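Chain by chain, the residues run as shown.
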Amino acid sequence: MTTGSLPHLRHLPHHPVAVVGAGLGGLTLARVLHVHGIEAALFDLDASADARIQGGMLDIHDDTGQAALRAAGLHEEFLTRVHSGGQAVRVLDRYGAVRLAEPDDGTGGRPETDRGDLRALLLGSLPAGTVRWGAKVTGARPLDGGRHRVTLADGTEFTTDVLVGADGAWSRVRPLVSAARPAYTGVSFVEADLWEADARHPVSAEVVGGGMLFALGPGRGFLAHRETDGSLHVYAAVVAPEDWLDGIDFTDTEAAKAAVLKEFDGWDESLRALVGDADGALVPRRIHALPAGHRWERVPGVTLLGDAAHLMSPFAGEGANLALIDGADLGLALAAHPGDTEAALAAYESRMFPRAEASATDSAHSQSLLFRTDAPQGLVNMFTGRGD
């Protein structure tokens, strides 16, 4: 007797492929499956597509993110959403001296795009109703034959043949395949925004330039980029104990600014202004990561992609790109192995694991390089090919 024939399961909705999380990876998977005539159902805890700001610029790499968009049939449309000039890079020291300035070379190898624009492109490419909004997955348990029974916060349940955890750092699906949990990397961010930068914050606009800024010193730095709406998004990064942010009252923005800037005493005022002149509230964020090389033994009917599979620090710029290529590769594998889910999942994981391990190792190395005692020299050496 198959599980699906049991009376207590017959009344439950069934989805051949169920994806938990409608981020970039989950949406790419659904789109690639759609291109190949395979239906997927996505479940996301957000109330709607516009429930929160997606924010941030992404550099989409030719060999990963752009390859995924080609597989999804969306590359040409993606190119119309690229931020011209966004590949420019500036590296400053803590005194405001420019140590490296590279313009956007126009090659398109790592073009910048707005995360929200990219997500909207993927969402718009899917049939209406593909994403079930306000559907928070609280648990899943295996049935026979690789199927799973999934429970939502409202008490409703469904069954699926293929369960995909695309639900980020604190994935509810991950425990089905791995006991690993993200650990604090030793770096905390405080995020800030400067709106209408050219008109309202011209000095900061000049400091950041047209693309990405790295202003670095030992154990800390300002990372910033220009967004397509003309604002600047800033990350004040500090190598700090995990409880450092707990000592800052983020409900009092001016007090929070003072507490953050205390970590940057002696830095050039043009850099301190990236936080001191910020518009709106500051947002704290601890940087967590799974162990580099995180992997699991094949578990029937379930797999992970993106941060759920290989959360890493953001210092190699690979997180979104890996989520995109994971989604595309998984979709292509399922399409290539009709009727053989296990072969498809094994093929996908055999590609994903080594790629993720290499990127996670690079990210950890970049984190130490950015904030070492001679910063920003390590980053300058990397960009100029002089090695460490």
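Residues numbered from 1 in each chain as written. Predicted model: local features only at pLDDT ≥ 70, side-chain atom pairs only at ≥ 80, totals over all residues. Heavy atoms only, no water.

1. A short note on the overall build of the chain
Rule in force here: The helix count covers DSSP runs of H or I at least four residues long, the strand count covers runs of E at least two residues long, and both are numbered beginning at the N terminus. All radius of gyration figures rest on C-alpha atoms, and the globule criterion is 2.2 Å times the number of residues raised to 0.38. Relative accessible area decides the class of each residue, using a 1.4 Å probe on protein chains only: under 20% of the type maximum gives buried, over 50% gives exposed, and in between gives partly exposed. Contact criterion: two residues are considered in contact whenever any of their non-hydrogen atoms come within 4.5 Å of each other. Note on areas: these come from Shrake-Rupley sampling with a 1.4 Å probe, and a residue is covered only by the protein chains present in the view. Charged residues are defined here as Lys and Arg on the positive side and Asp and Glu on the negative side; His and the ends of the chain fall outside this count. Working definition for charges: the position is that of NZ of Lys, CZ of Arg, CG of Asp or CD of Glu.
Regarding its fold elements, the chain presents 13 helices and 16 strands. The C-alpha atoms of the chain give 22 Å as radius of gyration, which agrees with the globular expectation for 388 residues (21 Å, within 12%). Within the chain, the proportion of its 388 residues that are buried is 53%. Long-range contacts, defined here as pairs at least 24 residues apart, represent 71% of the contacts in the chain between residues at least 6 apart. For the chain, the accessible area works out to roughly 16,300 Å², and carbon and sulfur atoms hold 52% of it. In the chain, which carries 33 positive and 52 negative side-chain charges, the distance between the mean positions of the two groups comes to 4 Å.

2. Quick word on the pattern of salt bridges
The following threshold applies: Here, a salt bridge means any Lys or Arg side-chain nitrogen found within 4 Å of an Asp or Glu carboxyl oxygen.
The full count for this structure, using the stated rule, is 19 salt bridges. Between D374 and R372 there is a salt bridge, and its shortest N-O distance comes to 2.6 Å. A residue is classified by how much of its surface remains accessible, and D374, at 34% relative accessible area, is partly exposed. Overall, R372 belongs to the partly exposed group, its relative accessible area being 23%. Taken together, the shared-partner salt bridges in this structure form one network comprising D326, D329, R351 and R355.

3. Quick look at helix α5 (residues 115–124)
Heads up, the rule is: Arc definition: directions from the helix axis to the C-beta atoms. Any pair of N or O atoms that falls within 3.5 Å is considered a polar contact. Within protein, one atom must be able to donate a hydrogen and the other to accept it, and sequence-neighbouring residues count only if both atoms are side-chain atoms.
Listed as buried for α5 are L118, R119, L121 and L122. The buried side chains of α5 occupy one side of the element, clustering within an arc of 155° when seen end-on. For α5, the N-terminal cap is D114; the gap from its side-chain oxygen to the backbone nitrogen of G116 is 2.8 Å.

4. Let's talk about the environment of L379
As for its position among the elements, L379 is in helix α13 (residues 377–384). For the pair formed by L379 and R81, sequence separation is 298 residues and the distance between their alpha carbons is 29 Å. In contact with L379, other than residues within four places in its own chain, are V91, F214, L216, L369 and L370.

5. Describing the sheet that holds strand β14 (residues 232–239)
Spelled out, the test is: In short, DSSP must find at least two bridges between two strands for them to pair. To obtain an axis, a line is fitted to C-alpha atoms, over the contacting stretch when the element is a helix, and the angle between two such axes runs from 0 to 180 degrees between their N-to-C directions.
Taking strand neighbours across the sheet as the criterion, the seven strands line up as β5-β4-β12-β13-β14-β11-β15 in an open arrangement whose pairing is mixed. Two strands bound the open sheet, and with one partner strand each, they are β5 (98–102) and β15 (279–289). The sheet shows a mean angle of 15° between the axes of neighbouring strands, direction not considered. With five bridges joining them, strand β4 (residues 89–93) and strand β12 (residues 212–217) adopt parallel strand pairing. Note that in β12 the partner of V89 across the bridge is M212.

6. Comments concerning the confidence of the model for the chain
Going by this rule: As a per-residue measure, pLDDT tells how confident the predictor is, with possible values from 0 to 100.
Confidence in the prediction for the chain averages 93 pLDDT; 94% of positions are at 70 or higher. A low-confidence stretch, residues 1–5 (pLDDT under 50), is modelled with ten contacts involving residues beyond four sequence positions or located in other chains.

7. Quick word on the packing of aromatic side chains
What characterises a pair of aromatic rings is the spacing of the ring centres plus the angle enclosed by the ring planes. In plain terms, the rule: Centres within 6.5 Å are what make two rings of Phe, Tyr or Trp a pair, Trp counting through its six-membered ring; a difference in plane orientation under 30 degrees is then read as stacked, over 60 as edge-to-face, and the rest as tilted.
Counted according to the given criterion, the structure contains nine aromatic pairs. Ring geometry for F222 and W267: centres 5.7 Å apart, planes at 85°, overall edge-to-face. Pair noted here: F222 is in strand β13 (residues 220–226) and W267 is in the loop between α8 (253–262) and α9 (269–276), with a separation of 45 residues, a long-range link. F222 sits in the buried class, given a relative accessible area of 0%. For W267, a relative accessible area of 6% translates into the label buried. Summarising the aromatic geometry, the rings of F315 and F371 are spaced 5.6 Å apart at their centres and angled 85° between planes, so their arrangement reads as edge-to-face.

8. A short note on the environment of T228
Checked against the element boundaries, T228 lands in the loop between β13 and β14. Residue classification places T228 among the partly exposed residues on the basis of a relative accessible area of 40%. Distance from T228 to M57, taken between C-alpha atoms, is 8.2 Å for residues 171 residues apart in sequence. Aside from chain neighbours lying at most four places away, what touches T228 is M57, H83, D114 and D117.

9. With respect to the nonpolar core
This is how it is decided: Joining through side-chain atoms within 4.5 Å is the link that ties buried Ala, Val, Leu, Ile, Met, Phe, Trp, Tyr and Cys residues into a set, and such a set is a nonpolar core.
Counting residues in each nonpolar core, the largest one holds 60 residues, and the members touching the most others are L29, L42, F43, L118, L330 and L334. Examining the composition of this core, we find that eight residues originate from one element, helix α11 (residues 319–336), more than from any other. Not counting chain neighbours up to four residues away, the residues in contact with F43 comprise H15, A18, V19, V20, G21, R132, A135, V137, L152 and F158. In this structure, L92, A192, L232 and A278 belong to the second largest nonpolar core, which totals 32 residues.

10. Considering the pairing of strand β9 (residues 148–152)
Taken across its five residues, β9 has four buried, putting it largely inside the fold. Two strands pair when backbone bridges link them, and strand β8 (residues 137–142) and β9 are joined in this way by five bridges, in the antiparallel orientation. Of the residues in β9, the one forming a bridge with R141 is R149. For β9 and strand β10 (residues 157–165), the ladder comprises four bridges, and the chain directions are antiparallel. From the neighbouring strand, H148 faces β10, where its bridge partner is T160.

11. Looking at unusual backbone geometry
Each neighbour pair has its own omega, and for A375 with P376 the value is 10°, a cis peptide bond. The backbone phi angle of E196 is positive, close to 45°, even though this residue is not glycine. Mapping E196 onto the fold places it in the loop between β11 (183–194) and α6 (197–200). Under the relative-accessibility criterion, E196 is labelled exposed at 52%.

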